[in-house]
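A closer look at the structure
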Amino acid sequence: MEQNQPLRFFNRGPSPAVRLVFFALLSLLLLFVDVRYRYLESIRSGLSGLVHPLQRLVTTPSKLWHEVDDFFSAHNSLIRDNAALLRQHTLDGAQLLQLEVLKGENQHLRKLLMVQQRADYPMQLAEIIYVERDIFNRKILLDKGTQANVLAGQIVMDDSGIVGQVTRVYPWMSEVTLITDKDHSVPVQVLRNGLRAVVFGAGDAGNKLALRYMPNSADIQNGDVLVTSGIDGTYPPGLPVAKIIHVERDPTYPFARILCAPIGGVDKRRQLLILSTLLKFPERPEGVEAATDNSKNGKRRGQ
Amino acid sequence: MSDRILQDQEFQLPVSRVFIAATLLAALLLDWLPWQGIWLTFRPDFVALVLLYWCMHKPYHVGISVAWTVGILADVADASLFGQHALAYSVLAFSGIVFYRRVLMFNLHQQTLQIFPLFLLAYTVYAMVHWQLHGNISWKYFIGSVVSSLLWAPMTILLQALRRPRAAPNQT
């Protein structure tokens with residue numbers, strides 16, 4: 001057997017083809033395990049401890065640039081901003097007072113009606129440290145992780161609307177899937193008439209969302225605002241998500257083609273809010289409301 | 001310049017493992033820069049470029065195992081699935097090791113054309129995995145392979161220059 005082989009002066013180990021097959025199989029195995037099971041999360045967070053400091057290092061120049069830019073931002077614009085903010089603050093303060101009254105009243109009414117109380121959602125501020133560079137995914141990394149009690153499934157929003165959902169948590173950072181991600185879905189309601197729907201990321205259409213599977217006859221118009229319905233138990237109800245910008249009713253297709261633009265600054269902000277508590281489900285059967293609440297439990301995660 | 005590069009045979013330019021590791025690290029860092037929007041579409045895959053360079057020029061130092069390891073690091077950084085980059089880079093390294101004798105016969109311009117199918121193959125592997133798992137493909141993704149191939153010549157010149165010993169400027 002040895003005689004048939006060509007002379008080999010140096011032992012180089014197995015041939016490239018053998019190595020390729022070995023590593024390809026290894027990769028495929030890892031892919032399979034990663035897709036099907038979640039065994040590899042610990043390895044991933046371990047390796048991320050090695051990789052993320054480097055990623056942070058790489059983003060420092062742009063961060064420095066932003067800081068320097070902030071430092072030299074003109075005196076005038078600061079004064080103008082300050083005045084505008086102060087005005088806004090006064091207005092908001094007045095509205096907030098009303099809100100407090102309404103909240104108390106609502107609580108009282110709900111108690112009278114024996115409906116489950118709406119929870120308050122404590123939130124924490126987190127800063128974007130990294131934006132995924134993969135054009136297939138729309139994900140960002142925030143600087144709060146398990147050390148700040150962030151949990152996978154929590155909602156991320158900015159001051160105007162929903163931005164995304166935490167899908168993976170690392171020790172010092174968390175990964176957020178934006179609502180414009182193709183695989184992400186949010187249960188919504190049309191603010192104008194209460195129509196329920198699910199809004200998906202449009203994927204390749206850029207920074208857009210799509211309402212799929214809405215019949216041609218659905219009562220939806222341009223400019224309608226979509227807010228979270230809260231039926232899934234993951235998103236708190238009533239947060240603005242998107243605004244309809246394009247409705248196309250083609251009778252040859254069973255469903256209308258509806259595009260929306262996100263209301264929250266999905267790719268604009270640097271600071272975002274993480275809503276800190278997931279909704280607590282009521283205890284298993286007990287009352288009628290609890291049962292209906294659970295049965296409507298829709299798609300919980302976008303992944 | 002290209003004549004000089006053709007004269008740089010593999011055994012004339014010594015290379016240390018530290019240098020190889022440093023270039024790969026630099027490539028990873030370049031890949032991790034906060035690319036966004038249009039720049040993201042045109043972003044070349046620096047890691048693939050540097051890996052291919054070493055697979056062509058030092059096939060016994062850098063092989064499929066190194067490519068796979070770097071791929072895993074890229075996967076973690078990208079939050080893509082474990083093994084997605086690793087698989088693509090393994091295929092790229094394999095093609096580099098198989099074709100290095102053939103490709104290095106050409107001059108740099110011709111090499112670019114020879115390199116392009118290899119990059120396209122690696123990009124296709126990555127996109128195929130994504131397509132299998134998510135069911136959609138973004139054609140814009142393949143622009144990166146073109147840009148990467150165009151950067152092959154500058155990258156080769158740069159790395160050759162870095163490898164050349166500085167003490168002997170008059171040597172031919």
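Residues numbered from 1 in each chain as written. Chains lettered and ligands numbered in written order. Predicted model: local features only at pLDDT ≥ 70, side-chain atom pairs only at ≥ 80, totals over all residues.

In terms of helices and strands, chain A carries 4 helices and 12 strands. Relative to its full complement of 303 residues, chain A shows a buried share of 28%. Long-range pairs, those at least 24 residues apart, make up 59% of the contacts in chain A between residues at least 6 apart in sequence. (Helix = DSSP H or I, 4+ residues; strand = E, 2+ residues; numbered from the N terminus. Buried ≥ 20, exposed ≤ 12 C-beta atoms within 10 Å, placed from the backbone. Contact = placed C-beta atoms within 7 Å.)

This part takes up the overall build of chain B. The number of helices and strands found in chain B is 9 helices and 0 strands. In chain B, the succession of α and β elements from N to C terminus is α-α-α-α-α-α-α-α-α. A fraction of 66% describes how many contacts in chain B between residues 6 or more apart in sequence connect residues 24 or more apart.

On to the interface of chain A and chain B, then. With 37 residues of chain A at the contact, the number on the chain B side is 38 residues. Of all the secondary-structure elements, those providing two or more residues to the side of chain A that touches chain B are helix H1 (16–36), helix H2 (41–71) and strand E1 (123–131) of chain A. It is H1(A) that provides the largest number of residues to the side of chain A that touches chain B, a total of 11 residues. A class-by-class count of the residues in the side of chain A that touches chain B yields 17 nonpolar, 7 polar and 13 charged. (Nonpolar A, V, L, I, M, F, W, Y, C, P; charged D, E, K, R; others polar.)

Below, the discussion takes up the sheet that holds strand E9 (residues 225–228) of chain A. Residues and elements named next belong to chain A. If you trace the 6 strands once around the closed barrel, you get E6-E7-E8-E11-E10-E9, paired in antiparallel fashion. Direction aside, neighbouring strands of the sheet carry axes that sit 40° apart on average. Sheet topology places strand E6 (residues 185–190) next to strand E7 (residues 196–201); 5 bridges connect them, and they run antiparallel. For Val186, the partnering residue across the bridge sits in E7 and is Val199. (Pairing = 2+ DSSP bridges. Axes fitted to C-alpha atoms, helices over the stretch in contact; angles between N-to-C directions.)

On to the environment of A:Leu20, then. For A:Leu20, the location among the structural elements is in helix H1. The residues contacting A:Leu20, other than those within four sequence positions of it, are B:Ile64, B:Ser90 and B:Phe94.

On to helix H9 (residues 152–163) of chain B, then. Residue and element names in this part refer to chain B. In a regular helix each residue adds 1.5 Å, so 12 residues correspond to 16 Å; H9 covers 16 Å between its end C-alpha atoms and thus fits that length. Residues Trp152, Thr156 and Leu159 constitute the buried set of H9. For H9, the arc enclosing every buried residue in end-on projection is 75°, short of the 170-degree limit, so these residues lie on one face. (Expected span 1.5 Å × (residues − 1). Arc of directions from axis to C-beta.)

Counting 51 residues, the largest nonpolar core has B:Leu51, B:Leu52, B:Tyr89, B:Leu92 and B:Ala122 as its most contacted members. Contributing elements (two or more residues each) for this core: H1 of chain A together with helix H2 (17–32), helix H4 (46–57), helix H5 (64–78), helix H6 (84–103), helix H7 (108–134) and H9 of chain B. Element by element, the count of residues in this core is highest for H4(B), at 11 residues. Apart from residues no more than four positions distant in its own chain, B:Leu51 is found in contact with B:Val62, B:Ala67, B:Val70, B:Tyr89, B:Leu92 and B:Ala93. Core analysis: the next-biggest nonpolar cluster, separate from the first, contains 42 residues, A:Val163, A:Val186, A:Val199 and A:Leu226 among them. (Core = buried A, V, L, I, M, F, W, Y, C linked by C-beta atoms within 7 Å.)

Attention now moves to the sheet that holds strand E2 (residues 139–142) of chain A. All names here are of chain A. Read once around its circumference, the closed barrel built from 6 strands follows the order E1-E2-E5-E4-E3-E12, with strand pairing classed as antiparallel. Put simply, the sheet's adjacent strands are angled 45° from each other on average, direction ignored. The pairing of E2 with strand E5 (residues 174–178) spans 4 bridges and is antiparallel. Bridged to Leu142 within E5 is Ser174.

Further remarks concern the pairing of E1(A). Residue and element names in this part refer to chain A. Where E1 lies against strand E12 (residues 271–275), 5 bridges are found, and the strand directions are antiparallel. Within the sheet, the bridge partner assigned to Leu125 lies in E12 and is Leu273. Where E1 meets E2, 3 bridges bridge the pair, whose relative direction is antiparallel. Residue Ile128 lies in a different strand from E2, and its bridge partner there is Leu142.

The angle between the axes and the distance between the axes are what describe a pair of packed helices. The geometry of H1(A) relative to H6(B) is characterised by a closest axis approach of 8 Å and an angle of 170° between their N-to-C directions. In terms of their interaxial angle, H1(A) and H6(B) are classed as roughly antiparallel. Across the interface between the two elements, A:Pro16, A:Leu20, A:Phe23, A:Ala24, A:Ser27, A:Leu28 and A:Leu31 of H1(A) pack against B:Gln84, B:Ala86, B:Leu87, B:Ser90, B:Phe94, B:Ile97 and B:Val98 of H6(B). Partitioned by chemical class, the residues of the contact of H1(A) with H6(B) number 11 nonpolar, 3 polar and no charged. (Parallel < 35°, antiparallel > 145°, perpendicular 65-115°, else oblique.)

What follows is about the environment of A:Leu191. All names here are of chain A. By secondary structure assignment, the location of Leu191 is in the loop between E6 and E7. Overall, Leu191 belongs to the partly exposed group, with 15 C-beta atoms counted inside 10 Å. Sequence-wise, Leu191 and Leu226 are 35 residues apart; in three dimensions their C-alpha atoms are separated by 5.7 Å. In this structure Leu191 touches Asp224, Val225 and Val227, once residues within four positions along its chain are discounted.

Mean pLDDT over chain B: 83, with 88% of residues reaching 70 or higher. Complex prediction metrics read pTM 0.64 and ipTM 0.78. (pLDDT = per-residue confidence, 0-100.)

Moving on, we get to the packing of H2(A) against H5(B). One can describe the packing of H2(A) onto H5(B) by two numbers: an axis separation of 9 Å at closest approach and a directional angle of 80°. Here H5(B) runs roughly perpendicular to H2(A), going by the angle between their axes. Together, A:Arg44, A:Leu47, A:Ser48, A:Val51 and A:Gln55 of H2(A) and B:Leu73, B:Val76 and B:Ala77 of H5(B) make up the contact between the two elements. Across the contact of H2(A) with H5(B), the residue classes tally to 5 nonpolar, 2 polar and 1 charged.

A word on H6(B). An ideal rise of 1.5 Å per residue puts 28 Å on 20 residues; H6(B) measures up with 26 Å between its terminal C-alpha atoms. With 14 of 20 residues buried, H6(B) is to be regarded as a mostly interior element.

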